[in-house]
Amino acid sequence: MGIRSLNSIFRPKRIALIGVPADPNTVGGLTLRNLVGGGFRGVVYPVNPKHEAVLGISCFPSVKSLPKTPDLAVITTNAKAVPGIVEECGEAGIKGIIIMSAGFKEVGAEGKELENKVKHIVEKYEMRVIGPNCLGVIIPGQKLNMSFASSMPKKGNVAFISQSGAFCTAVLDWARGENIGFSYFVSIGNTMDVGFGDLIDFFGQDANTKSIVLYVESISFAQEFVTAARAFARKKPIIVYKAGRFPESAKAAASHTGAMASEDAIYDALFRRAGIARVFNIGNIFDFTDFIVRKKIPKGPNLAIVTNAGGPGVMATDSLIARGGHLTKLSENTMVKLDAVLPSFWSHNNPVDVLGDATPKRVADATQIVLNDEGADAVLVILTPQAITQPLETAKQIIKLSEGTSKPIMATWLGGQSMRESMNLFSSSGITAFHTPEQAIRAYMTLVDYSKNMEALYETPKEVPVSFSYDRQTLRKKFVNEVFPRQKVLSLSDAKDLINSYGIESTKPVLVNSAEEAVDVANDIGYPTVIKLDSPDVSHKSDVGGVVLNIENDDMLRAAYNRMLEKVNALQPKVLINGITVQKMIDTEGSVELILGIKKDAIFGTVILIGMGGREAELLQDQRLEFPPLNESLASQMIESLKIYPLLKGYRGSAPKNINKLIEVMIRLSYLAADYPEIEELDINPIIVTDKDVVALDARVVIDEDTLKNPVPQYSHLILRPYPERYIKNIKLGDGTNALLRPIKPEDEPMWLEMLGSCSKEAIYSRFRYNFHFDSHEVATHFCYIDYARELAIVAEIEVEGRRKLIGVGRLIGDSDLELVEYAILITDEWQRKDLGKILTEYCVEIAKHNKFTRVYAETTKDNKAMISVFKKLGFSVEFSMDTNVSVYKNL
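In this text the structure is predicted, and so the values were computed from the model without any measurement.

(A) Geometry of the overall build of the protein. In terms of helices and strands, the protein carries 30 helices and 38 strands. Rg of the C-alpha trace for the protein: 32 Å, near the compact-globule value of 29 Å for 892 residues, within the 12% margin. Taken along its principal axes, the extent of the C-alpha atoms in the protein is 95 × 80 × 70 Å. Burial analysis of the protein (892 residues in total) assigns 56% to the buried set. Accessible surface, the protein as shown: approximately 38900 Å² in total, 49% of it carbon and sulfur. A gap of 6 Å separates the mean positions of the 101 positive and 108 negative side-chain charges of the protein.

Structure (structure tokens):
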């Protein structure tokens, strides 16, 4: 069921309101009053067999008795009646349903069973449903209020989506007072069918929606959510407030990674990877929304403050520093210019205190000067109502300045009645105004973090060559069929064998079952040695005395071995002990201990973690989570976010550690995470990083036995589609040149730019049908950094004198419903007429068919005769328009 089918909910012409009672103050009564009293131009059919009319409107006894089939049914009956009503709606051909009724999964097992029953009926008739247990939907632009809220908000450009109906009513009341409007206002309740991802897709394509605001309690359809968000986040800002950050209880974890990868840390990684701005203060959500839609994004955290009172300037500074921002260090030139326009006893620093007797011109002059300072990323102007303050005239001057700069200007006009007119003027003139300095700083720093995340998300990664000693598919068969079934928690030897197979170096443990065996092994490998307990039942070996380091001779080893068994048996007498492992003691002096791990979350799939390692890992919580797959850029960002990053860079004279090797290890772990949905948790703790190498000292792998017994589709445990290696293919061109067809990746940006630079204007125009200006990182990321779930670009690569080069690209872009796919192709002039256009097109059509698209279509110009000929040869239908365009399509 696709996004287009949501038109029945958001663009209805006929609405059936089912279960509306005679009492106008009930859910059904209020909804009917809102529908007929709000100005909706369509038809409303009240349905209730017990009444002839409701609120003076004729009532119908059933859905079957309606004169015409409605587009949408709004159900307000008790929960037990809902399945029968939905069945009746399905039989009548109604495609959209809003279920306001409560009493479903939110009330327990019985309600969940009832909700599942409704879901089966919905799937049978291919309907789309919002709810149950929701407030409804409001569309101010259509004067359509399908809710039991008390009022209609004003029309605006913000789509608001909330899981909490009660919170919706509070936001509506607050928005009315703050003069905030909405394009859509949706309460989604239990998200039985339509979820956040569907609505982001729908509103992302809506011309009247400029930004999307989410109030999230939980996300049910993670893959759909992140795919939709990534598709629109760069075009329309998406802002989220996540409720329930600190649950009182968490599922017991079998590893450090499991314990450290908390639910909120996973949500944080999800929002960051999807390009979503997260706010942590609900009062800040619309401040930030208003700020971000102005499209003036600061380049950094350096703020200049202009104020007519010292105290508010100090308040703003405190808030800025506490949130990680910086006061702009004003240049010498700026200071000279300020001296020329300000009284001699101005603050001579940032914040720039222009004093209480400041005229509008003085405030504006100071603001203009600091705006021109190269070190200032934004300016906050604070005005307090003093005896000779002219708030409205000052506001007009600041608005005029804002029109001539790309830097954001924020205003805080402190006070009440005397400042209201100025605040309204700011709101209507493109400047974001705040009631307090702290409010302004919160919004500014959220925007700075958002800007930084978006820039980091699309940073071009370096190529990190990663090769494997073994074929990964052969390896997978070995571990899944022979190793994983042995026990839920792998032995230390098996765990290290797994990571070693992926090129992650480790110490080599030898399992023994007696003190004398341990002595023999130690004499073989040489002292000093380490012994460790090998037990599937003990997550943290050091807690039970299961790790002994720096054993220097036979006697120490015998004593340590016996003491370990005695202590474990005393503390946990029922644990299964496979034995004790002996391994060479590694000199860790000067190294940094880290933890690397993966965890499979029930909703979000597999995540990767890096953090400070050792026994204190869970205590200190210096960590960063991301979703695989990783590339060089993402791995680098994870490392650099750690508080112990300075130790890796080389701290106080210590040698810098081998960060490049650590990045390679993280990418290798990312491959392992993608290849094995059967892994529930994996710990490498500690893994030591020296100036030369990265070595795992311990490893623990927990198997998901359900997935092992019931295999899942490839990559279904990942919310982000990994690089589609299966589409790599060697070809030979018409002139005999060998070429490689493969999916594009972010690392290709330099070669992509070079390829477009080698094309003639005619070739560029034939591809884009306008004079496309491509030569920038921002543009290149749109074409090289793609979501493989919805888009695929196949590049043709050749090697010239040992140098790799791109000579063509075919691109497939699927619609939100993944039914229709648009195709576009570009071949460099030098490599045209060598069969590459035909080979690329044929291969891309094959890929579209493999991904179950129903139709592929493309557009070109009439003078592009070569490609028109290719399309005809490949069975495309060709349609010539009255202008210069040609449309082609093929049903798959």
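On we go from here.
(B) Fine view of helix α28 (residues 777–784). Of the positions making up α28, those classed as buried are Ala780, Thr781, Phe783 and Cys784. Close packing links the buried residues of α28 with α26 (749–757), α27 (761–768) and β34 (803–814).

(C) Molecular detail of the sheet that holds strand β35 (residues 820–827). An order of β31-β32-β33-β34-β35-β36-β38-β37 is seen for the 8 strands of this open sheet, with the pairing classed as mixed. Of all strands in the sheet, those with a lone pairing partner are β31 (729–732) and β37 (877–880), marking the two edges. Averaged over all pairs of adjacent strands, the angle between strand axes in this sheet comes to 25°, irrespective of strand direction. Note: β35 against strand β36 (residues 855–861), 3 bridges, orientation parallel. Across the sheet, the residue bridging to Glu822 is Tyr857, located in β36. Contacts from helix α29 (residues 836–850) reach β31, β32 (738–743), β33 (791–800), β34, β35 and β36, with the element oriented near 160° to β35.

(D) View of the pattern of salt bridges. All told, the structure shown has 38 salt bridges when counted by the stated rule. A salt bridge links Arg176 to Asp173; the nearest nitrogen and oxygen atoms lie 2.7 Å apart. Taken together, the positions of Arg176 and Asp173, both in helix α5 (residues 165–178) and 3 residues apart, correspond to about one turn of that helix. Exposure remark for Asp173: the relative accessible area of 48% places this residue in the partly exposed category. The partner of Arg472 in a salt bridge is Glu725, and the shortest N-O contact between them spans 3.2 Å.

(E) Here's a closer look at the confidence of the model for the protein. Averaged over all residues, the pLDDT of the protein equals 90, while 97% of them reach at least 70. Every residue in residues 248–256 scores below 50 in pLDDT, and together they form 18 contacts with partners more than four places removed in sequence or on other chains.

(F) Quick look at the packing of helix α6 (residues 196–204) against helix α7 (residues 222–232). Contact geometry of α6 with α7 gives a least axis separation of 7 Å together with a crossing angle of 20°. It follows from the interaxial angle that α6 and α7 lie roughly parallel. The two elements α6 and α7 cross, and the hand of that crossing is left-handed. Along its contact with α6, which presents Phe196, Gly197, Ile200, Asp201 and Gly204, the element α7 presents Glu224, Phe225, Ala228, Ala229 and Phe232.

(G) Up close: the environment of Val306. Along the chain, Val306 falls in strand β15 (residues 302–307). Relative accessible area serves as the criterion here: at 1%, Val306 is assigned to the buried category. Measuring from C-alpha to C-alpha, the distance between Val306 and Ile551 comes to 65 Å, with 245 residues separating the pair along the chain. Look past the residues within four positions of Val306 in its chain and what remains in contact with it is Val352, Val354, Val363, Ala366, Thr367, Val370, Val379, Leu380, Val381 and Ile382.

(H) A look at the side chain of Ser183. As for its placement among the helices and strands, Ser183 is situated in strand β11 (residues 181–187). Take Ser183: its relative accessible area is 5%, and that puts it in the buried class. A distance of 3.5 Å separates a polar atom in the side chain of Ser183 from the backbone nitrogen of Ala159.

(I) Quick look at helix α22 (residues 632–640). Judged by how many residues are buried, α22 sits mostly within the fold: 8 of 9 residues are covered. Restricting attention to buried positions, one finds in α22 the residues Glu632, Ser633, Leu634, Ala635, Ser636, Gln637, Met638 and Ile639. Where the residues of α22 are buried, they touch α9 (263–274), α16 (437–457), β26 (605–612), β27 (623–626), α23 (645–649) and α24 (659–675). N-cap assignment for α22: the residue whose side-chain oxygen lies 3.1 Å from the backbone N of Ser633 is Asn631.

(J) Region of interest: the pairing of strand β30 (residues 700–703). Residues Arg700 and Val702 point to one face of β30 and Val701 and Ile703 to the other, with burial holding for every one of them. Pairing analysis gives 4 bridges linking strand β28 (residues 679–689) to β30, with the strands arranged antiparallel. Bridging across to β30, Leu682 finds its partner in Val701.

(K) Quick peek at the nonpolar core. Ranked by internal contacts, the top residues of the largest apolar core, which has 95 residues, are Phe160, Phe484, Tyr676 and Leu682. With 10 residues, the top contributor of residues to this core is α16. Phe160 has contacts with Phe167, Cys168, Val171, Phe182, Tyr184, Phe185, Val186, Val213, Tyr215 and Phe286, leaving out every residue within four places of it along the chain.

(L) Region of interest: the packing of aromatic side chains. Taken as a whole and judged by the stated rule, the model has 32 aromatic pairs. Taking 5.5 Å as the distance between ring centres and 85° as the angle between the ring planes, the aromatic pair formed by Tyr45 and Phe60 counts as edge-to-face. Of this pair, Tyr45 sits in strand β2 (residues 43–47) while Phe60 sits in the loop between β4 (57–58) and β5 (72–75), and the two are 15 residues apart along the sequence. Phe60 sits in the partly exposed class, given a relative accessible area of 22%. Look at Tyr723 and Tyr788: their rings are 5.9 Å apart centre to centre, the planes differ by 80°, and that puts the pair in the edge-to-face class.

Rules used in this analysis
Residues numbered from 1 in each chain as written. Predicted model: local features only at pLDDT ≥ 70, side-chain atom pairs only at ≥ 80, totals over all residues. Heavy atoms only, no water. Helix = DSSP H or I, 4+ residues; strand = E, 2+ residues; numbered from the N terminus. Rg over C-alpha atoms; globule rule 2.2 N^0.38 Å. Buried < 20%, exposed > 50% of the residue type's maximum accessible area, 1.4 Å probe, protein only. Areas by Shrake-Rupley, 256 points an atom, 1.4 Å probe, with all protein chains shown as cover. Lys, Arg positive; Asp, Glu negative; His and termini not counted. Charge placed at Lys NZ, Arg CZ, Asp CG, Glu CD. Contact = heavy atoms within 4.5 Å. Pairing = 2+ DSSP bridges. Axes fitted to C-alpha atoms, helices over the stretch in contact; angles between N-to-C directions. Salt bridge = Lys/Arg side-chain N within 4 Å of Asp/Glu carboxyl O. pLDDT = per-residue confidence, 0-100. Parallel < 35°, antiparallel > 145°, perpendicular 65-115°, else oblique. Left-handed = near helix turned anticlockwise from the far one by under 90°. Polar contact = N/O pair within 3.5 Å; in protein donor to acceptor, adjacent residues only side chain to side chain. Core = buried A, V, L, I, M, F, W, Y, C linked by side-chain atoms within 4.5 Å. Phe/Tyr/Trp six-rings, centres within 6.5 Å; stacked < 30°, edge-to-face > 60°.

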